[in-house]
Amino acid sequence: MSDITDQVLVTAPATHLFISPHYDDIALSCGGTAALVTEAGKDGVVALLFGDHPDPEQPLTPFAEHMHREWGMSADQVIAGRRAEEAESSRILGLRDCFLPFRDAIYRGDNYLNDDELFGVPKGTDLDLPERVAATLEGEGFRSEGTRVYAPLASGFHVDHQLGFQTGMLLHRAGWEVWFYEDLPYSLLDDRVADRIARAGTPLEVAAIVDVTPVWEKKIDAIMAYPSQLKVIFEQYVGAGSSRAAIDTVMSTYSNGIGNGRNAERFWRAAN
C-alpha cells in the first residue's frame, strides 16, 4: 500500500479538509489518515458541520433531552463539553477546527423525533443544507485548487451524514477532489458499506486504501478523547466494550480486513 500512502503524503495537495457531520466522526472514521497528513506537514482542517448551539428560544424536544442523558451532559454543558473533546482529539491528530453555523439534526425543530427519523430521509426544511454548507466553506476561504476534501460516505444513513455526502457530491461536481470515508462505527456492522454503495445514487469506486499502521495508536488516542460518546458508540451501538483495549480490538478487526492484515482506512470517490 505504499504507493497509495504516497498519494496522501507526497503527491497530495497542501490542504486536507475533513468534513465532519458531528464531533468525533473524523477520529473514528479517518483519524489515521488525518494524522499521516499532518505529520507530513500538510494543513489538516476539520469542518464541523452540525455542531452549533441549540436555539435558546426553542425548547428541546424529548428526543434531544434523551440524547443529552445518554451523553451524560446537561443542555447547557453539551456544546462546550463536546467542543472540549473535539479540541483534545484535534490536538492529538494535529488538526485545526472550523465550526460551521449549523445545528445537529436533533436541534433542528421537530424534524427528527426518534431514531427511525434520524436514520431516515432528510426532511424538506433540510434539503438546501448541502448548498448552504458548500457556500459556507467557500466563505471560510477554502478553494478547490490545492485542497482535497474528505466527506462521509453515509454508510449508517444518519441524516446529517447523508447531508455531508450530498455536500461532498456538490463539491465534486464543482471540480473539487473529494474522497468519501467509511463512517465508523456504522461501517463496523455487517454489509453497511456494501448497502450504502448500492444505494448511493451515483457510481462509486475505491479511491485509496491507506496504511495507517504507523499512526494507529494516535488514532485510538484521538477516539478516547471523546469519553461522553464511548459507551453509546461501542457498547450500545456496536455491542462491544468501551475500554481502550475493547475499542482497539473492534477497530483493528475492521481495519485489518480492509488492509489485508495491516491497519488501513478505505476511501471512495465518484466514478464520473
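Here the structure is shown first, and the text comes after it.
Residues numbered from 1 in each chain as written. Predicted model: local features only at pLDDT ≥ 70, side-chain atom pairs only at ≥ 80, totals over all residues. Heavy atoms only, no water.

Visitor: Describe in detail the overall build of the chain, supporting the description with residues and values.
Guide: For the chain, the count of helices and strands is 11 helices and seven strands. Computed over its C-alpha atoms, the radius of gyration of the chain comes to 17 Å, within 12% of the 19 Å expected for a compact globule of 272 residues. Across the chain, contacts joining residues at least 24 apart in sequence account for 82% of those joining residues at least 6 apart. For the chain, the accessible area works out to roughly 11200 Å², and carbon and sulfur atoms hold 49% of it. (Helix = DSSP H or I, 4+ residues; strand = E, 2+ residues; numbered from the N terminus. Rg over C-alpha atoms; globule rule 2.2 N^0.38 Å. Contact = heavy atoms within 4.5 Å. Areas by Shrake-Rupley, 256 points an atom, 1.4 Å probe, with all protein chains shown as cover.)

Visitor: Summarise the nonpolar core; cite the residues concerned and give the values.
Guide: Leu137, Phe180, Ile223, Phe234 and Met251 are the most contacted members of the largest nonpolar core, which has 86 residues in total. The greatest single-element share of this core, amounting to eight residues, is contributed by helix H2 (residues 25–39). For Phe234, the contacting residues outside a window of four places in its chain are Leu28, Leu188, Ile223, Gly239, Ala240, Gly241, Ser242, Ile247, Val250 and Met251. (Core = buried A, V, L, I, M, F, W, Y, C linked by side-chain atoms within 4.5 Å. Buried < 20%, exposed > 50% of the residue type's maximum accessible area, 1.4 Å probe, protein only.)

Visitor: Summarise the packing of aromatic side chains; cite the residues concerned and give the values.
Guide: For the coordinates displayed, the defined rule picks out eight aromatic pairs. Seen from their ring centres, Phe119 and Tyr186 are 5.9 Å apart, and the 70° between their planes marks the pair as edge-to-face. Of this pair, Phe119 sits in the loop between helix H5 (115–118) and helix H6 (129–139) while Tyr186 sits in the loop between strand S5 (177–181) and helix H8 (192–199), and the two are 67 residues apart along the sequence. Among the residues examined, Tyr186 registers a relative accessible area of 11% and is labelled buried. Ring centres of Tyr150 and Trp179 lie 5.8 Å apart, and the angle between their planes is 80°; on these two criteria the pair is classed as edge-to-face. Of this pair, Tyr150 sits in strand S4 (residues 147–152) while Trp179 sits in strand S5; the two residues are 29 residues apart in sequence, bridging distant segments of the chain. One exposure class covers both Tyr150 and Trp179, and it is buried. An aromatic cluster is built from Phe18, Tyr150, Trp179 and Phe267, whose rings are joined through pairwise contacts. Sitting above the plane of the Phe99 ring, Arg83 keeps its charged end 4.1 Å from the centroid. Geometry around Phe165 places Arg196 over its ring, the cationic atom sitting 4.5 Å from the centre. (Phe/Tyr/Trp six-rings, centres within 6.5 Å; stacked < 30°, edge-to-face > 60°. Lys NZ or Arg CZ within 6 Å of the ring centre and 35° of its normal.)

Visitor: Explain the side chain of Asp104 residue by residue, including any values.
Guide: Inspection of the secondary structure assignment puts Asp104 in the loop between strand S3 (96–99) and H5. Salt bridges are absent for the buried Asp104, whose nearest opposite-charge side chain, Arg82, sits at 5.8 Å. For Asp104, the side chain forms a polar contact with the main-chain nitrogen of Ile106, separated by 3.0 Å. Dropping the residues within four chain positions of it, Asp104 is found in contact with His22, Phe50 and Asp160. (Lys, Arg positive; Asp, Glu negative; His and termini not counted. Salt bridge = Lys/Arg side-chain N within 4 Å of Asp/Glu carboxyl O. Polar contact = N/O pair within 3.5 Å; in protein donor to acceptor, adjacent residues only side chain to side chain.)

Visitor: Help me get a handle on the pattern of salt bridges, residues and values and all.
Guide: It is possible for side chains bearing opposite charge to pair when their charged atoms get close. Tallied over the full model, the rule gives 16 salt bridges. As a salt-bridge pair, Asp211 and Arg262 come within 3.0 Å of each other at their nearest N and O atoms. Of this pair, Asp211 sits in strand S6 (residues 204–211) while Arg262 is found in the loop between helix H11 (244–258) and strand S7 (264–270), placing the two residues 51 residues apart along the sequence. Arg244 is paired through a salt bridge with Glu217; the nearest N and O atoms lie 2.9 Å apart. Residue Arg244 is found in helix H11, and its partner Glu217 is found in helix H9 (residues 216–224); the two are separated by 27 residues along the sequence. Residue Glu217 is classed as partly exposed on the basis of its relative accessible area of 46%.

Visitor: Pulling in residues and values, what's your account of the sheet that holds S3?
Guide: The strands that make up a sheet are held in pairs by hydrogen bonds between backbone atoms, and each pair lies either parallel or antiparallel. With mixed pairing, seven strands are arranged side by side in an open sheet as S3-S2-S1-S4-S5-S7-S6. This sheet does not close on itself; its edge strands, each paired only once, are S3 and S6. On average, each strand axis in the sheet is tilted by 30° relative to the strand beside it, whichever way the strands run. Pairing between strand S2 (residues 43–48) and S3: four bridges, direction parallel. Note on S3: the bridge partner recorded for Leu48 is Phe99. The sheet strands contacting H2 are strand S1 (15–20), S2, S4, S5, S6 and S7, and the helix crosses S1 at an angle near 175°. Helix H4 (residues 78–93) rests against S2 and S3 of the sheet, and its axis sits at about 145° to S3. (Pairing = 2+ DSSP bridges. Axes fitted to C-alpha atoms, helices over the stretch in contact; angles between N-to-C directions.)

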